[in-house]
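Next come the chains, spelled out residue by residue.
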Amino acid sequence: MTRQLSLNAFLHDTGHHEASWRHPDSAAERVYDIDFVTENAQIAEAAKLDAVFFADGPGLWGATAYRPPAHIEPITRLAAIAAKTERIGLIATASTTFYDPYNLARLFSSLDILSRGRAGWNIVTTQSEAVARNFGLTQLPSASERYQRAQEFLDVVTKLWDSWEDDAILVDREAGVYYDQSKVHPINHVGTHFQVEGALAAPRSPQGRPVYVQAGSSNDGRAFAGRNAEAIFTAHQTIEDAQAFYADIKQRAVSFGRSADDVKILPGISPFIADTQAEAEELQRYVNSLTVPAYGIAQLEGLAGVSLAHLELDRPVPREVFGEAGNVLDNNRSRLQVIANIVERDRPTLRELLHRLAGARGHNVVAGTPTQVADVITAWFENGAADGFNVMPPLYPQLLREFTTKVVPILQDRGLFRTEYTGTTLRDHFGLSRPESLYSGSVEGARVV
């Protein structure tokens, strides 16, 4: 069978462009309406996309008056979507820094059970000092410390999700035994960050465990991804940068004894689509004209960690503003690296840089016809830069519908994307195997690592 693309719809209020809510056709009044969100998920499912995805950050970040504020909690939202969809995967972000392993394991297990095997967990460590203060921390742990905690967190969650063997449920009415207690295992985890007895208070979910997704591209994030991730969300502006990242992650996976095919690399793409390139570019210019510079500057200052008040909007951004962020060998803030590379390569004015980032916060923005957008996707997919894409329409639902009704059919005609779902779970869609329980067929705890 021909290798197949993976395509996710990254749902984000009125669209991924920061000024999308100001577009006269936006659904700005409906961003908290579950019917609006569900309708977008149903558009994605009708096109047989792999999954819908929600980012998350448990805090109200700066300059939010200029666009809709942070999303409501994503796992709750996906549970509502699960009731109105049948096959599409459901991926939510949750932070290992601010969740407890048992609670998170229970939440995602419940989502996987209720959706009949469609859940995925986007694993992040969170780098916001403002969010840390919402959880009683005066400062955020270092990136290295956060990833050390994240690894132990993931180990605990994996043990919890595996603590029931697949055949533990008996429903033996005659004997009066509902489940085989010998096949339900306390994990008895005692580590640096967590002490968890277990087992989980629910049987093993349909996928065995939800799909492990990861979104960090820093040095620490890459090491974590190579060891653990089954899908990676990442941001790249050029095919060359994407190819280098793709090769690096695949090699890291192999170094941990995994197959390169065990992890899907899924960069973001944010397409402005119209019948002609000129019309697509005009739409992009119009939406860019709706931006509020104060909002973009506040977001950029948050990433750079410095004030940009001394910069003029229509003069080139000095490269030194971003320090050594563009140095791949010394990078712990991956999105800042993407921005530094834009400044180094293209020498934009501050206004131009803000417009570049307004579309998708450093992800690849493409303006063109359906065929031109499909050509970009095909080129990256066929030349070692991607296994698929996180599709990030600048405006919902209009540009999601343009993508699903005009770009997806081209990819299907090229034999690169399914015309029907062939499985029922997110693992099926991604071509990932269902893992065995760590305890399956062994003496209790013998295979736990």
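Note that the coordinates shown come from a computational prediction; the quantities given were computed from them, not determined experimentally.

A. The overall build of the protein, seen in detail. If you tally the helices and strands in the protein, you get 14 helices and 13 strands. Its C-alpha atoms give the protein a radius of gyration of 22 Å, within 12% of the compact-globule value 22 Å for 449 residues. Projected onto the principal axes, the alpha-carbon positions of the protein cover approximately 75 × 50 × 40 Å. When burial is assessed residue by residue, the protein has 55% of its 449 residues classed as buried. Taking as baseline every contact in the protein between residues at least 6 positions apart, the subset at least 24 positions apart corresponds to 77%. Summing over all exposed atoms, the protein offers an accessible surface of approximately 19100 Å²; the carbon and sulfur share of this is 50%. Of the charged side chains in the protein, 42 are positive and 55 negative, and the gap between their average positions amounts to 0 Å.

B. Focus on the packing of helix H5 (residues 143-161) against helix H6 (residues 219-228). Relative to each other, H5 and H6 sit at 15 degrees, their axes nearing to 10 Å. By the criterion of interaxial angle, the relationship of H5 to H6 is roughly parallel. Of the two elements, H5 crosses H6, and the hand of that crossing is right-handed. Touching Ala-143, Ser-144, Tyr-147, Ala-150, Gln-151, Leu-154 and Asp-155 of H5 are Asp-220, Gly-221, Phe-224, Arg-227 and Asn-228, all from H6. Within the contact of H5 with H6, the residues separate by chemical class into five nonpolar, four polar and three charged.

C. How the structure looks around the pairing of strand S12 (residues 364-368). By the criterion of burial, S12 is predominantly enclosed, with four of the five residues buried. Pairing of strand S11 (residues 264-273) with S12, which is carried by five bridges, proceeds in the parallel orientation. Pairing of Ile-269 across the sheet is with Asn-364, part of S12.

D. Broad picture of the packing of helix H12 (residues 370-382) against helix H13 (residues 398-413). Look at H12 against H13: their axes get within 9 Å of each other, and the N-to-C directions meet at 55 degrees. The angle between the axes of H12 and H13 places the two elements in the oblique class. Once H12 is placed against H13, the crossing between them reads as right-handed. Two secondary-structure elements touch here, H12 through Pro-370, Thr-371, Val-373, Ala-374, Ile-377 and Thr-378 and H13 through Phe-403, Lys-406, Val-407, Ile-410 and Leu-411.

E. Focus on a nonpolar patch on the surface. A cluster of nonpolar side chains, contributed by Ile-169, Val-171, Tyr-178 and Tyr-179, occupies part of the molecular surface with about 360 Å² of accessible area. Those elements that place two or more of their residues in the nonpolar patch are strand S5 (169-172) and strand S6 (177-179). Its place among the elements puts Tyr-178 in strand S6. Accessibility expressed as a relative area gives 53% for Tyr-178, which makes it exposed.

F. Local environment of the side chain of Thr-369. With respect to the helices, strands and loops of the structure, Thr-369 is situated in the loop between S12 and H12. Classification of Thr-369 as buried rests on a relative accessible area of 15%. In this structure Thr-369 touches Ile-273, Ala-274, Asp-275, Thr-276 and Gln-277, once residues within four positions along its chain are discounted.

G. Molecular detail of the side chain of Ser-95. Topologically, Ser-95 is positioned in strand S3 (residues 89-95). Separated by 2.7 Å, the side chains of Ser-95 and Thr-126 make a polar contact.

H. Just the packing of aromatic side chains, in detail. This structure, assessed with the given rule, holds 12 aromatic pairs. Taking the centre distance of 4.6 Å and the plane angle of 55 degrees together, the rings of Phe-10 and Phe-53 count as tilted. Within this pair, whereas Phe-10 is found in strand S1 (residues 6-10), its partner Phe-53 is found in strand S2 (residues 51-54), the two being separated by 43 residues in sequence. According to the relative accessible area criterion, Phe-10 is buried, its value standing at 7%. An aromatic cluster of at least three residues, connected via ring pairs, comprises Phe-108, Trp-121, Phe-153, Trp-161, Phe-194 and Tyr-212.

Cut-offs used in this document
Sequence order sets the numbering: in each chain, residues are counted from 1 along the sequence as written. In view of the model being predicted, local features appear only for residues whose pLDDT reaches at least 70, and side-chain atom pairs are presented and counted only at 80 or more, with totals across whole chains, interfaces and linings using the full set of residues. As a convention, hydrogens and water are excluded, and side-chain values are obtained from all of the structure's heavy atoms. Counting from the N terminus, the helices are the DSSP runs of H or I reaching at least four residues and the strands are the DSSP runs of E reaching at least two. The reference for a compact globule is 2.2 Å times residues^0.38; the radius of gyration itself is calculated from the C-alpha atoms. Burial status follows relative accessibility: with a 1.4 Å probe on protein chains alone, a residue under 20% of its type maximum counts as buried, one over 50% as exposed, and anything between as partly exposed. Two residues qualify as a contact provided that any one of their heavy atoms is within 4.5 Å of a heavy atom in the partner residue. Each accessible area value is a Shrake-Rupley result obtained with a 1.4 Å probe; residue values ignore everything except the protein chains displayed when judging cover. Counted as positive: Lys and Arg. Counted as negative: Asp and Glu, with His and the chain ends omitted from the count. Think of each charge as sitting on NZ of Lys, CZ of Arg, CG of Asp or CD of Glu. What counts as an axis is a line fitted to C-alpha atoms, over the stretch in contact for a helix, and the angles between N-to-C directions run from 0 to 180 degrees. Any angle that is under 35 degrees is reported as roughly parallel, and any over 145 degrees as roughly antiparallel; angles of 65 to 115 degrees are reported as roughly perpendicular and all others as oblique. Handedness of a helix crossing follows the sense of rotation of the near helix relative to the far helix, less than a right angle counterclockwise being left-handed and clockwise being right-handed. Asp, Glu, Lys and Arg are counted as charged, while Ala, Val, Leu, Ile, Met, Phe, Trp, Tyr, Cys and Pro are counted as nonpolar; the rest, among them Gly, fall into the polar class. Pairing between two strands is assigned when DSSP locates at least 2 bridges connecting them. Patch rule: a residue counts if its relative accessible area is over 30% and it has no salt bridge; like charges are joined within 9 Å, and nonpolar side chains (Val, Leu, Ile, Met, Phe, Trp, Tyr) within 5 Å. Note on definitions: salt bridges are taken to be side-chain nitrogens of Lys or Arg within 4 Å of carboxyl oxygens of Asp or Glu. Think of a polar contact as two N or O atoms within 3.5 Å of one another; within protein, one of them needs to be a possible hydrogen donor and the other a possible acceptor, and neighboring residues in sequence only count if both atoms come from side chains. For Phe, Tyr and Trp, rings pair up if their centres lie within 6.5 Å, where Trp contributes its six-membered ring, and each pair is then called stacked (planes under 30 degrees apart), edge-to-face (over 60) or tilted (otherwise).

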